[in-house]
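# Coordinates in review
Listed below are the residues making up each chain.
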Amino acid sequence: MSEILLDIAGVNKRFGGLQALTDVGIRIARGQIHGLIGPNGAGKTTFFNVITGLYQPDSGTFRLGGKPYSPSAPHEVAKAGIARTFQNIRLFGEMSALENVMVGRHVRTRQGVFGAIFRHKAARIEEAAIRARAQELLDFVGIGQYAQRTAKYLSYGDQRRLEIARALATEPQLLALDEPAAGMNATEKLALRELLVKIRNEGKTVLLIEHDVKLMMGLCDRITVLEYGKQIAEGLPSEIQKNEAVIKAYLGGAH
Ligand SMILES: Nc1ncnc2c1ncn2[C@@H]1O[C@H](COP(=O)(O)OP(=O)(O)OP(=O)(O)O)[C@@H](O)[C@H]1O
């Protein structure tokens, strides 16, 4: 078994009278694509938000790369090495694609006139390196030719690619994607799948939530299944496909 990168156990989360997560855990091996699936309302987004510091859990242990991390706030999680994208695209629409990725590297690119004129040489060199790396990432996700295009004018599929490039700009250990294929057509989905395989082949680890089960079965190395806030299965896609509890959960249709 390869090294476990993300090791989470015993997560509970209650919203008022609703127990949204009951003793949920996940173990993700380094260099794998790990999928999180389950019927509507199963708790996938809640678990994802807990992992990435958006929701505070009532309990749980969290380790990344063998070290405990605190999911107390999104910036703490980012510092620990987890980058995420959102179900609803969150880009800086008025900025160029390149600038969006540069922001991902937490750099002040918008200096005042004096800053621009009198900028220190070291700062200029640093900015050039960041710009070059941002362009590389745009090339990597396949939208290098649109570097100067205002983000809001990119196609939907390309905006999703841009989000991924921005997340990669933080050099994360784990890339967490919340429904990256939502709203994509079949061609865009195929391209997304190729991109995620490429990201994994670079040695990155990916966690993703996705409703398109067929896409997940063909893409993921392992899959965790939630239903009513509990883990009902974990395994290889071929095992998950045959798992009776999973089949029942999906066929139940009561969600
Ligand atoms: N902020 C919140 N406040 C109250 N209840 C919430 C909140 N977020 C989620 N829930 C509830 O927790 C349960 C799990 O929801 P969650 O969105 O995590 O499921 P999901 O598996 O991501 O569903 P979907 O596939 O529809 O996105 C649902 O019953 C939902 O109504």
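Please read these numbers as outputs of a predicted model, since none were measured by experiment. (Residues numbered from 1 in each chain as written. Predicted model: local features only at pLDDT ≥ 70, side-chain atom pairs only at ≥ 80, totals over all residues.)

## Notes on the domain arrangement of the protein
The condition that has to hold: Throughout, the edges of the domains are those of an automatic or database domain assignment. Contact between residues is assigned whenever the C-beta positions, reconstructed from backbone atoms, fall within 7 Å. Secondary structure follows DSSP: runs of H or I at least 4 residues long count as helices, runs of E at least 2 residues long count as strands, and numbering of each begins at the N terminus. Each residue gets one label: Ala, Val, Leu, Ile, Met, Phe, Trp, Tyr, Cys and Pro are nonpolar, Asp, Glu, Lys and Arg are charged, and the others, such as Gly, are polar.
According to the domain assignment, the protein contains domain 1 (1–81 + 172–255) and domain 2 (92–169). For domain 1 versus domain 2, the separation of C-alpha centres amounts to 28 Å. Every contact between the two is made by nine residues of domain 1 and, on the other side, nine residues of domain 2. By residue number, the principal contributor to the side of domain 1 that touches domain 2 is helix 7 (residues 186–201), which donates four residues. Classifying every residue of the side of domain 1 that touches domain 2 gives seven nonpolar, one polar and one charged.

## What to know about the pairing of strand 7 (residues 174–178)
To keep it simple, the criterion reads: Counts of 20 or more other C-beta atoms within 10 Å of a residue's own C-beta define buried residues, counts of 12 or fewer define exposed ones, and intermediate counts define partly exposed ones; C-beta atoms are placed from the backbone. When DSSP locates at least two bridges between a pair of strands, those strands are taken to pair. Crossovers are marked right-handed if the path from the first strand over the helix to the second runs clockwise, as seen with the strands pointing away from the viewer.
In terms of residue burial, strand 7 counts as a mostly covered element, since five of its five residues are buried. Here strand 7 shows no split at all, with Leu174, Ala176 and Asp178 on one side and Leu175 and Leu177 on the other all buried. Taken together, the three bridges between strand 6 (residues 82–84) and strand 7 define a ladder with parallel strand orientation. Residue pairing across strands places Ile82 opposite Leu174, the latter belonging to strand 7. Across five bridges, the pairing between strand 7 and strand 8 (residues 205–209) is parallel. Bridged to Leu174 within strand 8 is Thr205. After leaving strand 7, the chain enters helix 7 and then returns to the sheet as strand 8, a path that is right-handed.

## Section: the nonpolar core
Basically, it comes down to this: Each nonpolar core consists of buried Ala, Val, Leu, Ile, Met, Phe, Trp, Tyr and Cys residues. Their C-beta atoms, within 7 Å, join them into a set.
With 62 residues, the main nonpolar core has Phe47, Val101, Leu138, Ala165 and Ala176 as its most contacted residues. No fewer than three residues from each of domain 1 (1–81 + 172–255) and domain 2 (92–169) sit in this core. If near-sequence neighbours (up to four positions away) are discounted, Val101 is found in contact with Ala134, Leu137, Leu138, Ala165, Arg166 and Ala169.

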